[in-house]
Amino acid sequence: MLRAHDLFFRYDDGGSVLSGFSAEFAAGEVTYICGPSGSGKTTLSLLLAEMMEPQSGEILLTPDEAPRATMVLQFAEELFLTDSVRLEIELLTDTKRIGAAHHHLKSCGLCLPEIAERDPFTLSFGQARLLAISIQCAQDTPVYILDEPTIGLDEVNMLRVSVLLKVLISLGKVVVVVTHDPELIESLPGRVMILEQGTLAWHGPSAEFLATSSLRSRAALE
Ligand SMILES: Nc1ncnc2c1ncn2[C@@H]1O[C@H](COP(=O)(O)OP(=O)(O)O)[C@@H](O)[C@H]1O
Ligand SMILES: [Mg+2]
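The rules behind each value
- Residues numbered from 1 in each chain as written.
- Chains lettered and ligands numbered in written order.
- Predicted model: local features only at pLDDT ≥ 70, side-chain atom pairs only at ≥ 80, totals over all residues.
- Heavy atoms only, no water.
- Near = heavy atom within 4 Å.
- Polar contact = N/O pair within 3.5 Å; in protein donor to acceptor, adjacent residues only side chain to side chain.
- Areas by Shrake-Rupley, 256 points an atom, 1.4 Å probe, with all protein chains shown as cover.
- Phe/Tyr/Trp six-rings, centres within 6.5 Å; stacked < 30°, edge-to-face > 60°.
- Buried < 20%, exposed > 50% of the residue type's maximum accessible area, 1.4 Å probe, protein only.
- Helix = DSSP H or I, 4+ residues; strand = E, 2+ residues; numbered from the N terminus.
- Right-handed = clockwise from strand over helix to strand, strands pointing away.
- Lys, Arg positive; Asp, Glu negative; His and termini not counted.
- Salt bridge = Lys/Arg side-chain N within 4 Å of Asp/Glu carboxyl O.
- Contact = heavy atoms within 4.5 Å.
- Pairing = 2+ DSSP bridges.
- Axes fitted to C-alpha atoms, helices over the stretch in contact; angles between N-to-C directions.
- Expected span 1.5 Å × (residues − 1).
- Disulfide = S-S within 2.5 Å.

Q: Summarise the site of ligand 1; cite the residues concerned and give the values.
A: The local shell around ligand 1 consists of Tyr-11, Asp-13, Val-17, Pro-36, Ser-37, Gly-38, Ser-39, Gly-40, Lys-41, Thr-42 and Thr-43. Within the backbone of Gly-38, a nitrogen or oxygen atom sits 2.7 Å from an oxygen atom of ligand 1. In this structure, an oxygen atom belonging to ligand 1 sits 2.9 Å away from a main-chain N or O atom of Thr-42. Considering ligand 1 on its own, with 560 Å² of exposed area, one finds that the protein chains cover 57% of that surface.

Listed below in structure tokens is the structure:
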């Protein structure tokens, strides 16, 4: 389980973004972080992934393991570094994980031999997103954090992301997904947290969240 305890965070040039955020994220289940734009979702995800440090508060993982988390940044398909899909996969720091990347690509419906020598920037938008997520999620960590992984995707590709998340859950991982996408939440039930002005305003089962229009509008769903 991943636990955030009393997190306070502000950027150097601004007011407080997180003020006393505490929550628990269970393993083997997806936790969706929802909330209006500017409520601190991306900031929270970067703190959970230890890419930034809070001014106070702590993030605990039990049992602890290093490295703890894989972070899939928003618009991860814009971050390819090479000119072939094969080379992108080979950038995985642990070569033993290349097989896991192939497995994820397959579960996303991408046929690797067909695209292996393509420049990743020439793939379709959906293929590029699925490739980026598959590669990132092939890293073996106990925690995965994805910032708006289905933004801009059509339904077919959104469901492929959902399948990949399900694979991570079946491996007993902590999976945290920032999203505004009710169809993603519907496709893969879990817990929902609503972030409002840097605090946890509501949390509960995703079915209750989706069935309650006042909660949906508080979370500014699509
Ligand atoms: N790098 C940054 N420097 C300064 N302020 C930032 C930075 N990133 C985000 N903010 C501010 O922090 C607040 C929360 O932003 P963010 O975490 O991106 O929210 P969300 O992902 O929910 O839209 C906003 O007021 C935003 O303007
Ligand atoms: Mg954001």
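Q: Describe the packing of aromatic side chains, with residues and values.
A: With the rule as written, the count across this model stands at three aromatic pairs. Aromatic pair Phe-9 and Tyr-11: ring centres 4.8 Å apart, planes at 85°, arrangement edge-to-face.

Q: Pulling in residues and values, what's your account of the pairing of strand β6 (residues 143–147)?
A: By the criterion of burial, β6 is predominantly enclosed, with five of the five residues buried. Across the two faces of β6 the burial is the same, with Val-143, Ile-145 and Asp-147 and Tyr-144 and Leu-146 all buried. Read from β6 through helix α6 (residues 155–170) to strand β7 (residues 174–178), the crossover connection turns out right-handed.

Q: Would you mind going over the side chain of Glu-148 in detail, with residue names and values included?
A: Here Glu-148 shows up in the loop between β6 and α6. Within the buried core, Glu-148 has no salt-bridge partner, and the shortest N-O distance to an opposite charge, that of Lys-41, equals 4.8 Å. The contacts of Glu-148, once residues within four sequence positions are left out, are Lys-41, Gln-74, Arg-129, Val-178 and His-180.

Q: Can you lay out the sheet that holds strand β2 (residues 16–25) for me, pointing to particular residues and giving the numbers?
A: What holds strands together in a sheet is hydrogen bonding between their backbones, with the strands either parallel or antiparallel. The strand order across the open sheet built from three strands is β2-β1-β4, with neighbouring strands paired in antiparallel fashion. Two strands in the sheet have a free side with no partner beyond their single neighbour: β2 and β4 (56–61). Within this sheet the neighbouring strands show an average axis-to-axis angle of 15°, counted without direction. Pairing analysis gives seven bridges linking strand β1 (residues 2–10) to β2, with the strands arranged antiparallel. Following the sheet pairing, Arg-3 is matched in β2 by Glu-24. The strands touched by helix α1 (residues 41–48) within the sheet are β1, β2 and β4, with β1 carrying the most contacts at an inclination of about 125°.

Q: Mind laying out the sheet that holds strand β8 (residues 191–196), listing which residues take part and the relevant values?
A: Here we have six strands laid out as an open sheet, ordered β5-β6-β7-β3-β8-β9, and mixed in their pairing. Only two strands of the sheet have a single partner each, and these edge strands are β5 (69–72) and β9 (199–205). Strand-to-strand, the axes of this sheet are offset by a mean angle of 20°, without reference to chain direction. Contacts from helix α5 (residues 125–137) reach β5 and β6 within the one sheet, and its direction differs from that of β5 by about 170°.

Q: Describe the side chain of Asn-157, and please don't skip the residues or the numbers.
A: When you line up the elements, Asn-157 lands in helix α6. What makes Asn-157 buried here is its relative accessible area of 11%.

Q: Outline α6, listing residues and values.
A: Since the α-helix packs 3.6 residues into each turn, any two residues three or four apart lie on the same face. Along its 16 residues, α6 runs 22 Å from first to last C-alpha, staying within 8% of the 22 Å computed at 1.5 Å per residue. Those residues of α6 that fall on the buried side of the exposure criterion are Asn-157, Met-158, Val-161, Ser-162, Leu-164, Leu-165, Val-167, Leu-168 and Ile-169. If you follow the buried residues of α6, they end up packed against β3 (29–34), α3 (98–107), α5, β6, β7 and α7 (182–187).

Q: With reference to specific residues and values, describe the state of the cysteines.
A: Across all of its chains, the model carries zero disulfides by this definition. Cys-111 takes part in no disulfide bond, and the closest cysteine sulfur to it belongs to Cys-108, at a distance of 13 Å. Cys-137 takes part in no disulfide bond, and the closest cysteine sulfur, belonging to Cys-108, lies 8.7 Å away. A residue is classified by how much of its surface remains accessible, and Cys-137, at 1% relative accessible area, is buried.

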